[in-house]
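Results of the structural survey
Each chain is listed here by its residues.
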Amino acid sequence: MFGCLVAGRLVQTAAQQVAEDKFVFDLPDYENINHVVVFMLGTVPFPEGMGGSVYFSYPDSNGVPVWQLLGFVSNGKPSAIFKISGLKSGEGSQHPFGAMNILRTPSVAQIGISVELLGSLAQQTPVGNAAVSSVDSFTQGYHWDMVPALQIHCSWMSFFPFFVALVIVIIG
């Protein structure tokens, strides 16, 4: 149902189901991870009116898991990129994984996904620095304006050899 991607690593698609509505992915060597992508595989959609809150958990200095809300995925928003590099020393938040006895090793963090009502997802507040910074609107607009110009340029360059040959035949 879910996938997890870390740059430079293989895609994880086999989440460990720890409860009927909760899934976790292990993130070994989490100290070297900056961003995590969580996405739906497209094989099983959420039931109507449901979505998945996404949590990041890392072991604190005593080995106790610290869970932080990153955001959510849903049928309308099937993927999300989260910045976790600044979260490895932050405070924990309220989470649905507390009562579970999930096996882990000290150098392994986890991404947890809890299936919940969309209404409750809208009321949750993710940790502030988990969102990936977005590009300013000027830069984004500039790049989108350049795409048609590049397309015209490329199509002209593919036509250019034919045009040269035609001119040589006419002049020649």
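Residues numbered from 1 in each chain as written. Predicted model: local features only at pLDDT ≥ 70, side-chain atom pairs only at ≥ 80, totals over all residues. Heavy atoms only, no water.

**Looking at the pairing of strand E5 (residues 50-59)**
- The buried fraction of E5 is high, at ten of ten residues.
- A two-sided burial pattern is seen for E5, the buried positions comprising Met 50, Gly 52, Val 54, Phe 56 and Tyr 58 on one face and Gly 51, Ser 53, Tyr 55, Ser 57 and Pro 59 on the other.
- What sits between the antiparallel neighbours E5 and strand E6 (residues 65-74) is a turn of five residues, in which Gly 63 has the positive phi angle 85 degrees. (Buried < 20%, exposed > 50% of the residue type's maximum accessible area, 1.4 Å probe, protein only. Helix = DSSP H or I, 4+ residues; strand = E, 2+ residues; numbered from the N terminus. Pairing = 2+ DSSP bridges.)

**Considerations on the sheet that holds strand E7 (residues 79-83)**
- In space, the three strands of this open sheet follow the order E1-E4-E7, with antiparallel pairing throughout. The open sheet has two edge strands, strand E1 (2-5) and E7, and neither has a second partner. Each strand of the sheet is rotated relative to its neighbour by a mean of 20 degrees, with strand direction disregarded.
- Pairing of strand E4 (residues 35-40) with E7, which is carried by five bridges, proceeds in the antiparallel orientation. Across the sheet, His 35 pairs through a bridge with Lys 83, a residue of E7. (Axes fitted to C-alpha atoms, helices over the stretch in contact; angles between N-to-C directions.)

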